[in-house]
Amino acid sequence: MQHSTQKSLPPEKTGEAIPLLEFESVSKRFPGVLALDQVDFEIVPGEVHILFGENGAGKSTLISIMAGVHQPTSGVIKKSGSPITLNSVHHARSLGISAVFQEFSLVDQLTVEQNLFLGAEHQQSLFLNKSTQRSEAKRILSELGFSLNPKQKVSFLSRAEQQMVEIAKAFRSKLSVLILDEPTASLTDKETNQLFSLIEQVKRNGVGVVYITHRMAEIKKIGDRITVLRDGKYIKTVKAKTTSEKELVELMTGRVIDQVYPKIKFNPQQTLLNVKNITTTNHRVSDLSFYVRKGEVVGFAGLVGSGKSAALRACFGIEKIQSGDIYFNDENVTGHSVRQMLDKGFFYNVPDRHKEGLVMIRNCRENIVLPSLDQNENLNLGVLINKTKEKRTVISLAEKFELHPMKVNRQVEHFSGGNQQKVLLAKCLTRDVKLYVFDEPTVGVDVGTRVEIYKFIANLCEQGAAVVIVSSDLAEIIHLTNRVYVMHRGKLQGEFKDDEINENTILSQFFDREAA
Amino acid sequence: MSAIEQDSNQTASKPAFTQNKDQRRHAVLKRLFVQLGVLPFLLLIAVAVFSLISENFLSLRNLMNVVRQSSYLILVSVAQMFALLTGGFDLSVGTIIALTSVVGATAMAASFNAMPEMVWLAILIGAFAGILAGTAIGAVNGLGVSLFGVSPFMMTLGMASVGFGIALYMTGGTPVYGMPVEFGNIFGFGQILGIPSPVFISILLIVILYILVNSTPLGRYFYAVGGNQKAAELSGINTKRILFIAYTLCGLIAAVAGMLLTARLDTGEANIGASMPLESIAACVIAGVSLRGGVGRIENVVLGALFIGLVQNGMNLARIESYLQTVVIGVLLIIAVIADQVRLKVMASIND
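What counts, and where the lines are drawn
Residues numbered from 1 in each chain as written. Chains lettered and ligands numbered in written order. Predicted model: local features only at pLDDT ≥ 70, side-chain atom pairs only at ≥ 80, totals over all residues. Heavy atoms only, no water. Salt bridge = Lys/Arg side-chain N within 4 Å of Asp/Glu carboxyl O. Helix = DSSP H or I, 4+ residues; strand = E, 2+ residues; numbered from the N terminus. Buried < 20%, exposed > 50% of the residue type's maximum accessible area, 1.4 Å probe, protein only. Phe/Tyr/Trp six-rings, centres within 6.5 Å; stacked < 30°, edge-to-face > 60°. Lys NZ or Arg CZ within 6 Å of the ring centre and 35° of its normal. Contact = heavy atoms within 4.5 Å. Axes fitted to C-alpha atoms, helices over the stretch in contact; angles between N-to-C directions. Parallel < 35°, antiparallel > 145°, perpendicular 65-115°, else oblique. Nonpolar A, V, L, I, M, F, W, Y, C, P; charged D, E, K, R; others polar. Expected span 1.5 Å × (residues − 1). Arc of directions from axis to C-beta.

## A word on the pattern of salt bridges
Think of it this way: side chains of opposite charge can pair up when their charged atoms draw near. All names here are of chain A. Tallied over the entire structure, the rule returns 22 salt bridges over all chains. The shortest N-O distance in the salt bridge between Asp 37 and Lys 233 comes to 3.8 Å. Taken together, the residues span a long stretch of sequence, with Asp 37 in strand 2 (residues 33-43) and Lys 233 in strand 12 (residues 233-239) at a distance of 196 residues. The exposure class assigned to Asp 37 is partly exposed, which follows from its relative accessible area of 23%. In this structure, Glu 390 engages Arg 365 in a salt bridge whose closest nitrogen and oxygen atoms are separated by 3.4 Å.

If you want it as structure tokens, here you go:
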């Protein structure tokens, strides 16, 4: 790595060196959410610093500030001891800070080398200098040990190969901090090992690596220090070699939860949803069997991409099913459409209210009654909508959920995240529903609203409905369910009941262990 | 929001420092602009300017004339609104009018020729054939956009070429004559209940469409599909069906306008309607219909189309050359889009 920052940095590789990058009580506020709350963080030359925490803990926000995507609301960022502001991704890159996000920033229609030098093209006066660009691309790729053809179009590459291009981009200029966001999620074991030896190599050259992962084995293998974040707050920085898995999980999840979760009286009755050996066409779910009974709350846990969400989406008719059978109320409903499943009494509450949950530019009233306009007799007046009853229904639901402000004719986009979530949840109460599925029901929701949502879920179950909670928030799963399925890479990894449900039993099924 | 407005109104009326008063007045104007959009301001400016230029402009006779002349554009703009609501647009509305006119006139002339004594039957057959042809173009647009996922731009542009080609091929580029005189006399120049026929039919259609859009589930679904297709789909709405209906309905309404225009011209013409795509989109955008879909009100679209009619009429009275008039319409469209962007920014700043 001749082009890295070898000369300019002190050779020590321990914590005493001047940090390459230092965050001092950095906060970031998004509309309605405090994503980072006075977080401290530092990265010194030649270390791999792991960021650890649950989804929504603030890891992504932290690295996006590091990479110049977002600007902090308050706090100080220092580079090699002197305060700086990172105005843009371009600016951060010019300072040697490069990030490889989970979402790639590649232009599909361009070739590997064009992507590599996008925004930093080699020029000879006005024109592109294609030959130096070609040789430079080859040099970078061969140094990294990536067997990629620079002339290949990115759209023809596999996800792992695209990630290589993304990583290679970081190496096109002087590098001092490399940020990797769950880089092994889509890599094979061989590619993973290649990446790890690459990380070792850049460490020796004095580069600091910020690394986000959920995988314990990786933390043990390459981590030097670990900083744990929780709910946007800095919790602790520990040494990777001397910290046990158990301690880490405690640091990650340890929160005061006693008042937040209601005590649910489960009363399991007959089976409502029975899924037998389903595999989806995109193989996000393979050979999965499970069942859900009336009067119980079933949890689906697992990492992002484990298939926990896809499993329920397949049942709701969103994902295409290749093989296997789904029974709802003893009726085979395999391959039914969303409309048909809704009419049978299956309601799937989506995880992403912006993308697929709400029509943000329309008002609360229209959003709430959208799924039931032509179903609910109360709302119909021949072919017309019964506006009086519509208004009454919506207002009573808004009152039930304590919508704030209480303005049902206001556009949904003008409400806070928590109140948008209430509108989303209210949608399922306008029809006759037997099975409620809540996918990430409390994402981006403040604690107060969270308590209300949990109460609401508890009520549904106690009134005899079947409830499924799909969640990346482990505490939510542990405190609200009487049965838990843990998914891993599209398959069922474990099932736990009643007293078996606790952090250790569930988390033990979360991670890859083969590499440890 | 209205409470704040009242509040600032009251305080603005109190005698205060002039600078302060100006600021308040600005704030009120800002809120009005955010709530109503750019159309009322443009209307006011247009009326003020043209009534200064020509004293005839504000006469009842002239205004009635504007309404009658605008009724075709009003219908086409309302048709266009359905495509826009779902997040697309229809560039083939002009072609739909041309094809409707040619097919309708040909069918009407032929059946009138075959049975000269049954005038009404001939008119009915002709109108039905014309409207069917226009609606068919809309239906094909709908199929392409919904079932095959073709972008509305390409689909409607392609169909514009197809329809125009067919219309020219059928007529060889010459007007179609031979329709019964009653058709033009009644639907082109006549009156129904004392109101000019095209205006009467437009009002009737707009009332029906107003109810459809605002009071039926189907109407809601247009907004939902345009606002967030995925959310609509997961709420159990057959979004493909809704898209199909939107384009078909657009074709149907434009076809009615095409038949009325045929009655006014007394001939079937392949060369009418060329300016309709631009003018109808302009009318919608000026009326605050979002190009991103999901937002728009039918009554505003009617006003938007009337505004364009008003401007054209005013320019005629002011003896502005017709070539220059097209320039003005284009400029107005762009101003409306810019104003809409500004409105979004102002809205954001007020919400902060």
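## Concerning the packing of aromatic side chains
For the structure shown, the criterion picks out 14 aromatic pairs over all chains. The ring of Tyr291(A) has Arg483(A) sitting right over it, with the charged end atom 4.0 Å from the ring centre.

## Considerations on the interface of chain A and chain B
Taken residue by residue, the interface counts 30 residues in chain A and 25 residues in chain B. Remark: the boundary between chain A and chain B carries two salt bridges. Between Arg220(B) and Glu390(A) there is a salt bridge, with its nearest N and O atoms 2.8 Å apart. Elements with a minimum of two residues in the side of chain A that touches chain B: helix 9 (308-316), helix 10 (338-344), helix 11 (353-357), helix 12 (364-369), strand 20 (384-385) and helix 13 (387-400) of chain A. With four residues, the single largest contributor to the side of chain A that touches chain B is helix 11 of chain A.

## With respect to the packing of helix 9 (residues 197-215) of chain B against helix 12 (residues 239-265) of chain B
Helix packing geometry: the angle between the two helix axes and the distance between the axes. All names here are of chain B. Following both chains from N to C, one finds helix 9 and helix 12 inclined at 170°, their axes separated by 11 Å at the closest point. Our classification of the angle between helix 9 and helix 12 gives roughly antiparallel. Residues Pro 198, Ile 201, Leu 205, Leu 209 and Leu 212 of helix 9 lie in contact with helix 12, whose contacting residues are Leu 249, Ile 253, Val 256 and Leu 260. Of the residues contributing to the contact of helix 9 with helix 12, the split by class is nine nonpolar, no polar and no charged.

## Structural notes on helix 4 (residues 130-144) of chain A
Residues and elements named next belong to chain A. Taking 1.5 Å of rise per residue, 15 residues should cover 21 Å, and helix 4 covers 21 Å from first to last C-alpha, within 8% of that figure. Where helix 4 is concerned, the buried positions are Gln 133, Glu 136, Ala 137, Ile 140, Leu 141 and Leu 144. Down the axis of helix 4, the smallest arc covering the buried residues is 130°, so these residues share one side. When the buried face of helix 4 is taken as reference, the exposed residues oriented beyond 90 degrees from it are Ser 131 and Ser 142. Positive backbone phi, at 75°, marks Gly 145, one or two positions downstream of helix 4.

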